[in-house]
Amino acid sequence: MAEELDYEALSPNAGLGVNMMAGALTRMQVFTASPAAVYTGIGNAFTRISSTEGARALWRGVSSVILGAGPAHAVHFGMYEAVKDWTGGNEGNANQWLSTSLAGATATIASDALMNPFDVIKQRMQVHQSEFRSMFTCASTVFRTEGLSAFYVSYPTTLTMTVPFTAAQFTVYEQLKQLMNPSGVYSPASHIVAGGVAGGVAAGLTTPLDVAKTLLQTRGTSTDAEIRHCKGMLDAMRIIWQRDGLRGFGRGMTPRVVTHMPSNALCWLSYEFFKSAIRD
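Cut-offs and rules
Residues numbered from 1 in each chain as written. Predicted model: local features only at pLDDT ≥ 70, side-chain atom pairs only at ≥ 80, totals over all residues. Heavy atoms only, no water. Helix = DSSP H or I, 4+ residues; strand = E, 2+ residues; numbered from the N terminus. Buried < 20%, exposed > 50% of the residue type's maximum accessible area, 1.4 Å probe, protein only. Areas by Shrake-Rupley, 256 points an atom, 1.4 Å probe, with all protein chains shown as cover. Salt bridge = Lys/Arg side-chain N within 4 Å of Asp/Glu carboxyl O. Contact = heavy atoms within 4.5 Å. Polar contact = N/O pair within 3.5 Å; in protein donor to acceptor, adjacent residues only side chain to side chain. Phe/Tyr/Trp six-rings, centres within 6.5 Å; stacked < 30°, edge-to-face > 60°.

(A) View of the overall build of the protein chain. A tally of regular secondary structure across the protein chain gives 11 helices and 0 strands. Going from N to C terminus, the protein chain has its helices and strands arranged as α-α-α-α-α-α-α-α-α-α-α. In the protein chain, which comprises 280 residues, the proportion classed as buried is 53%. Roughly 12100 Å² of accessible area belongs to the protein chain as shown, and the carbon and sulfur atoms make up 66% of that amount.

Written as structure tokens, this is what we have:
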């Protein structure tokens, strides 16, 4: 589903408020030694970022999300429908839950491979005092100084997070949609509600892994030697635990949930609309 729905990309239809929330989310999850970059909550993040860097700072990196989201969405939904049909999920049999989960997970693996570099660029542009204002400058600089691996160092963590995210999201969505709209006809209200709730539930469950992903994706901007040389997901989680305890794994949960709910709702609404239109 959309990313930073499952792969953390925002829907191309996401509004300005959703993109602002995503910008604040990145700042809240980054571990830094600078007191100026530590935020106590989403309201504090909005106020301080806007007053010190201008409101435009909250939209940095959106161009990267927009560029990557379209192709990634196409890959994701195409793979989802193909696997779901192949495993009998469209036949309404007893294995529908397993089919839906498998289809969602497979779709995520494929779409994440495409979206991960764009997500790294977005995160680098959104960190405190980022030197980047252009996604192309950011991409070329990261590639030149850190190599191709910098765009994929967080990929295993992304998959570890988004596979259960997508499985939970699609399962909750399908169950709620069936409960609210058993006839299966195009119903905007049920698609919006089911999509929003599914996105919020999945986002909350996977926030700890998202914090680790953010640490890995922004490690190249850190002046902290331990963070800069973080090797992978387990190393990132160790650092988070040592520095902030259990609380550290919940960083940014509120804006993450609030961001994914409207983003998922819009994405599912658009998807179901075009699916219905093509069938008709």
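Continuing now.
(B) Looking closely at the pattern of salt bridges. Overall, the coordinates contain 14 salt bridges when judged by the stated rule. For Asp119, the salt bridge is made with Lys122, and the minimal N-O distance between the two is 3.2 Å. On the criterion of helical spacing, the pair formed by Asp119 and Lys122 is a turn pair, its members being 3 residues apart in helix 4 (residues 96-126). Among the salt bridges present, the one from Asp244 reaches Arg251, with a minimum N-O distance of 3.1 Å. By relative accessible area, Asp244 is classed as buried at 17%.

(C) Highlighting the environment of Thr171. Structurally, Thr171 can be placed in helix 6 (residues 155-180). Judged by relative accessible area, which is 12%, Thr171 ranks as buried. Sequence separation between Thr171 and Trp97 is 74 residues; the distance between their C-alpha atoms is 6.7 Å. With residues near it in sequence (within four places) discarded, Thr171 still touches Trp97, Thr100 and Ser101. In terms of polar contacts, Thr171 uses its side chain to reach the backbone carbonyl oxygen of Ala167, at 2.6 Å.

(D) Expanded view of the packing of aromatic side chains. Tallying each qualifying case throughout the model produces 9 aromatic pairs. When the ring of Phe170 is compared with that of Trp268, the centres are 5.1 Å apart and the planes differ by 75°; the resulting orientation is edge-to-face. Pair noted here: Phe170 is in helix 6 and Trp268 is in helix 11 (residues 253-279), with a separation of 98 residues, a long-range link. A residue is classified by how much of its surface remains accessible, and Trp268, at 1% relative accessible area, is buried. Summarising the aromatic geometry, the rings of Trp268 and Tyr271 are spaced 5.7 Å apart at their centres and angled 70° between planes, so their arrangement reads as edge-to-face.

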